[in-house]
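Summary of the model geometry
Now for the letters of each chain:
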Amino acid sequence: MSIAGHNIRGGRGFDAFPAINGFLMICFCFITLYPFLFLITSSFSALNASVNGLSLIPRSFTADNYDRVLRNPLIYSGFKNTVVRTLLGTALSLLATLTLAYPLSRKYFPNRGLWTGLIVFTMFFSGGLIPTYLLVRTLGLIDKPWALILPELISAYNFVIVRNYMQTIPDALEESAKIDGANDIKILFRIILPTCKPIIATVALWVAVWHWNAWFDCLIYITKPAGEVLQLVMRRIVIQGTDQITEMMGGKHDAITPEGLKAATILVTTLPILCVYPFVQKYFVKGVMMGSLKG
Amino acid sequence: MKGNAKKALAILGIGLCLVGAGWAQTGTKMKITVANYQMEPTPPDAELLKAYENKFGVDFDVFNIDHDKYHELLNVKLAAGEIPDFFYIKQADTLGTYVKQGVLAKLSPELIQKNAPNLWKVITTYAPGYMEMGKVNGIQYGIPSVNPTNIIHIPLIYRADWMKKVGVTKTPETLAEFESLMYKFAKNDPAGTGKKDTYGLSRDGLTAVFGAFGLVPFDVETDYWMLDGGKVINDSVAPAAKQALALLAKWYKDGVIDPEFVTGENQGGYWAISHAFVKGRIGFTAHANYYHWAMPGVFQQVDDSGKKTPNQPGAVAKELLASNPSAQLAYGPPLKGPTGKQGIKQYNRLMNFYCVGKLAENDPAKVAKVLQILDESANPDFVARTSFKFGQEGKYWKLLDKDSEAFNFIAPYDKDESYWSRIGGVLSMEVPYPPKEAGAQWAIQKLGYGKYGIESVIQVGLPKAMKYKDELMKIRDQYYIGIITGAMPVSAFDEFVQKYMASGGAEAQQEANDYYAAQSKK
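Computed from a predicted structure; not experimentally measured.

Scanning chain A from N- to C-terminus turns up 15 helices and 0 strands. A burial count over chain A gives 39% of its 295 residues as buried. Counted over contacts in chain A with a minimum sequence separation of 6, partners at least 24 positions apart contribute 68%.

Rendered as structure tokens:
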């Protein structure tokens, strides 16, 4: 180990390790960051960059692409649907997961092993696309926003992590609350949840990101364009022009969506979640380590 | 009391009858569920949709299936029992599969002729034999959607400025002339950069070489069948393919074929752009379609004011000129090969099928109605049938010239690719009226691209061929690319044919021959 400039043997010679290491890390970061920078450049340029070459400064600057993206009404309805779905879905998911995990984390709960086992069992199998679709349809959820929230309300994986975390909470805490006369619900909300803040933040983040990115469920359950989520709208714009059959059907259009427009769409839809991520990132890292199964 | 109660009951009874009658009136409108090709979902109150509901006297319920995952999503709906009445089959070779699943209603030529006379007439006149392709086991299930411009084969595009630089004045007509030009493109520095950074051709150029032997064996997602001495065989195992591969292997070794041909000429984004060609890496390509490569001014078209003006460049020609304004293009004829054949790939004209869903079978009025709706696409009046898809003339698009059927989209719809799906133009199908528009006429008359196109003799997807298709095409790609790059010797072709036949190719071939014999008898 060396501390900036002084190597461990006590000498005063300049240690190159931190400098080289730092330089390599910066290169690595740049390589990771470059495609994103390229996207920003592309969104401000009028020419097709795939043909005209990559560059950091746009060859012909234009704000036209953003103008067109922001004028598309589906972007706004998509944004609204996605935000509603994310907030509502995350809140309900958290509530359901926490109230499921708490009883199953108490050692005195009867048949706790059986219930936990059944839930974990569902992690290994899935009915597939068609049975799930039939289920959602039979429940009458087609074309309703609940179809995007209810089917994936509780993820078995998240449940396991929350339960494990709750198991580490000492019984003494709960017992002392019982002595003071609190019932189970009061114990859950007043005592347990405040100590679970890190895991709540973690699971909330995971669920929120999942909701933000989800598009396939919207594709199969929602048939009216006003109910579409942002990712679906974006996907449609971005894949335009890649399907050869499209051209044979669509006829006469020469105006294929330029790459700049696709880049602008991607940026507009990614920016919000990008802004939220840095603030919750520390919980993310802590939570992953906390939820690991021990013994 | 009793009297009043009786009166109340009577009034209630009459009231209910009136309500019931009123409700029954609104309830008798026929409901038709629609699954068609859409670039965007259609809201239920879309303008055109409402107009057609009035015109045909029905209520439409559009499924809004995304075109990108069309069959996957359609299958989910079918499994749930939601069978559309207006049933579009995007991948034509799956017709047999859907018939087997029992989700399609039986039609008959008489029924189609009676309810969709224009459609019947246009298909039997301009695409003879195609209506029979909609038959499975002798019963008509689907009406083919025939692409009118696919009678024009894929283009042969040369860099004319490079040709001038290496001293060649005429576009090649024979394979020998072509070979000489390709070598010059690779060896004689046609771009004038002083470095060896050019090649003659890449992946799509190979299609032209195979075409010179009368084959379309490679780089196609559907099977191309041909007649070899009276027998139907798949182009991939044709004996002449071995000759073509030997030639290509030699060219690859001599550095005439771009080593990156394996990944293809297009690097993502708009499928029609050949990045290798546009960036000046190769001098010949057969990528995309003729209209992508039209240089400005090669033909006259009618502009917004009704005058004849030189045409705007095609989408890819525009990209080429944007990155290299001095580039020039030459359009060559299909090559004549050493075996006396001449030709190049032509896309199958059979595109999709339009059928009626099984749920409608018991209601002859509904079946007739769906056929009548399809007939509207074949309306002999150009303005009527174009409005059917693209909306009202004068609002969304403007007719420029009736004779050449030229039209333009009115701003902002000219930049909006998918507006017609959004406003409800989702009831139309492609019909094979001969293309009159200036670009197509240029390709047919001036370039002669309406001749020598190689089509498959069987365009429907037969069950065994479909079953083995993925595996057989994987084997084909493996051997073809192996032989061309030199990883395998040319003699490996015989081994390939054996392996191909043993992996289901022989069964598919037998089935194809039986089908062809049965069709020829009709």
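Okay, the sheet that holds strand 7 (residues 157-159) of chain B next. Residues and elements named next belong to chain B. On the basis of which strands lie adjacent, the open sheet formed by 4 strands has the order 8-11-7-14 and mixed pairing. The open sheet has two edge strands, strand 8 (199-201) and strand 14 (329-331), and neither has a second partner. Strand-to-strand twist of the sheet, defined as the mean angle between neighbouring strand axes without regard to direction, takes the value 20 degrees. Note: strand 7 against strand 14, 3 bridges, orientation antiparallel.

On to unusual backbone geometry, then. All names here are of chain B. One non-glycine residue with positive phi stands out, namely aspartate 189, at about 45 degrees. Within the secondary structure, aspartate 189 sits in the loop between helix 8 (175-187) and strand 8. Phi at aspartate 219 takes a positive value of approximately 70 degrees, unusual for a residue other than glycine. Mapped onto the secondary structure, aspartate 219 falls in the loop between helix 9 (203-211) and strand 9 (225-228).

What follows deals with the pairing of strand 10 (residues 231-234) of chain B. All names here are of chain B. Two elements, strand 9 and strand 10, share 4 bridges in a ladder whose sense is antiparallel. Bridging from a neighbouring strand, leucine 227 pairs with valine 232 of strand 10. Hairpin connection from strand 9 to strand 10: 2 residues lie between these consecutive antiparallel strands, with glycine 229 at a positive phi of about 60 degrees.

The next point concerns a nonpolar patch on the surface. Taken together, the side chains of Phe121(A), Met123(A), Phe124(A), Phe125(A) and Tyr157(A) define a hydrophobic patch exposed on the protein surface, amounting to about 600 Å² of accessible area. With respect to the secondary-structure elements, Phe121(A) resides in helix 5 (residues 112-121).

A few words on the packing of helix 4 (residues 73-105) of chain A against helix 8 (residues 156-167) of chain A. Residue and element names in this part refer to chain A. Interaxial distance between helix 4 and helix 8 falls to 8 Å at its minimum, and their mutual angle equals 50 degrees. What the angle tells us is that helix 4 and helix 8 run oblique. In terms of crossing hand, the pair formed by helix 4 and helix 8 is right-handed. Taken together, the residues of helix 8 that come into contact with helix 4 (itself represented by Thr97, Leu98, Leu100, Ala101, Tyr102, Leu104 and Ser105) are Asn158, Phe159, Val162, Arg163, Met166 and Gln167. Looking at the contact of helix 4 with helix 8 residue by residue, the class counts come to 8 nonpolar, 4 polar and 1 charged.

On to the nonpolar core, then. Phe60(B), Phe87(B), Leu104(B), Leu119(B), Ile143(B), Phe353(B) and Leu374(B) are the most contacted members of the largest nonpolar core, which totals 97 residues. Counting residues in hydrophobic clusters, the runner-up holds 86 residues, among them Phe185(B), Phe210(B), Phe284(B) and Phe299(B).

Geometry of an aromatic ring pair is reported as the spacing of the ring centres plus the angle between the planes. Residues and elements named next belong to chain B. Enumeration over the complete set of coordinates arrives at 43 aromatic pairs over all chains. Centre to centre, the rings of tyrosine 88 and tyrosine 354 are 5.1 Å apart; their planes meet at 45 degrees, and the pair counts as tilted. Of this pair, tyrosine 88 sits in strand 3 (residues 86-89) while tyrosine 354 sits in strand 16 (residues 350-356), and the two are 266 residues apart along the sequence. Relative to tryptophan 442, the ring of tyrosine 331 has its centre 5.2 Å away and its plane inclined at 90 degrees; by these criteria the two rings are edge-to-face. Here tryptophan 442 lies in helix 16 (residues 438-446) and tyrosine 331 lies in strand 14, a separation of 111 residues in the sequence. In this pair, the class of tyrosine 331 matches that of tryptophan 442, namely buried. An aromatic cluster of at least three residues, connected via ring pairs, comprises Phe382, Phe390, Tyr396, Trp397, Phe407, Phe409, Tyr413, Tyr419 and Trp420. For the cation-ring pair, lysine 77 lies above phenylalanine 63, with the distance from its terminal atom to the ring centre recorded as 5.9 Å. In this structure, lysine 196 is placed above the aromatic ring of tyrosine 199, and the distance from its NZ or CZ to the ring centre is 4.5 Å.

Quick look at the environment of Pro41(B) now. Locating Pro41(B) in the fold gives a position in the loop between strand 1 (30-35) and helix 2 (47-56). Sequence separation of Pro41(B) and Arg422(B) is 381 residues, and the distance between their C-alpha atoms is 6.2 Å. Once residues within four sequence positions are removed from consideration, Pro41(B) is found in contact with Thr223(A), Pro225(A), Glu228(A), Arg236(A), Asn64(B), Ser421(B) and Arg422(B).

Now for the confidence of the model for chain B. Where the model shows low pLDDT, its predicted coordinates should not be examined in detail. Residues and elements named next belong to chain B. On average, residues of chain B score 89 in pLDDT, and 95% of them reach the 70 mark or higher. Ranking the elements of chain B by mean pLDDT puts helix 1 (residues 2-27) last with 58 and strand 3 first with 95. Across the interfaces of the predicted complex, the ipTM metric reaches 0.74, alongside a pTM of 0.78.

Residues and elements named next belong to chain B. Strand order across the open sheet formed by 5 strands is 2-1-3-16-6, with mixed pairing between neighbours. Each end of this open sheet is capped by a strand with a single partner; those strands are strand 2 (58-62) and strand 6 (142-146). Within the sheet, the average angular offset between the axes of one strand and its neighbour, ignoring direction, is 25 degrees. Sitting on the sheet, helix 3 (residues 70-79) is in contact with strand 1 and strand 3, with an inclination near 140 degrees to strand 3.

Within the secondary structure layout, Thr202(A) lies in helix 11 (residues 197-213). Along the backbone, Thr202(A) and Asp64(A) are 138 residues apart, and their C-alpha atoms lie at a distance of 39 Å.

In this model, chain A carries a mean pLDDT of 82, and residues with pLDDT of at least 70 account for 82%. Confidence, read as mean pLDDT per element, is least for helix 14 (residues 244-250) of chain A in chain A (55) and greatest for helix 7 (residues 146-149) of chain A (94).

Our focus in this paragraph is the side chain of Glu174(A). Residue and element names in this part refer to chain A. Looking at the secondary structure, you find glutamate 174 in helix 9 (residues 171-179). Of the residues examined, glutamate 174 reaches a relative accessible area of 3% and is grouped as buried. Among the polar contacts made by the side chain of glutamate 174, one reaches the side chain of tyrosine 108 at a distance of 2.3 Å. With residues near it in sequence (within four places) discarded, glutamate 174 still touches Tyr102, Arg106, Tyr108 and Ile187.

Rules of the game
- Residues numbered from 1 in each chain as written.
- Chains lettered and ligands numbered in written order.
- Predicted model: local features only at pLDDT ≥ 70, side-chain atom pairs only at ≥ 80, totals over all residues.
- Heavy atoms only, no water.
- Helix = DSSP H or I, 4+ residues; strand = E, 2+ residues; numbered from the N terminus.
- Buried < 20%, exposed > 50% of the residue type's maximum accessible area, 1.4 Å probe, protein only.
- Contact = heavy atoms within 4.5 Å.
- Pairing = 2+ DSSP bridges.
- Axes fitted to C-alpha atoms, helices over the stretch in contact; angles between N-to-C directions.
- Patch = residues over 30% accessible without salt bridge, like charges linked within 9 Å, V, L, I, M, F, W, Y side chains within 5 Å.
- Areas by Shrake-Rupley, 256 points an atom, 1.4 Å probe, with all protein chains shown as cover.
- Salt bridge = Lys/Arg side-chain N within 4 Å of Asp/Glu carboxyl O.
- Parallel < 35°, antiparallel > 145°, perpendicular 65-115°, else oblique.
- Left-handed = near helix turned anticlockwise from the far one by under 90°.
- Nonpolar A, V, L, I, M, F, W, Y, C, P; charged D, E, K, R; others polar.
- Core = buried A, V, L, I, M, F, W, Y, C linked by side-chain atoms within 4.5 Å.
- Phe/Tyr/Trp six-rings, centres within 6.5 Å; stacked < 30°, edge-to-face > 60°.
- Lys NZ or Arg CZ within 6 Å of the ring centre and 35° of its normal.
- pLDDT = per-residue confidence, 0-100.
- Polar contact = N/O pair within 3.5 Å; in protein donor to acceptor, adjacent residues only side chain to side chain.

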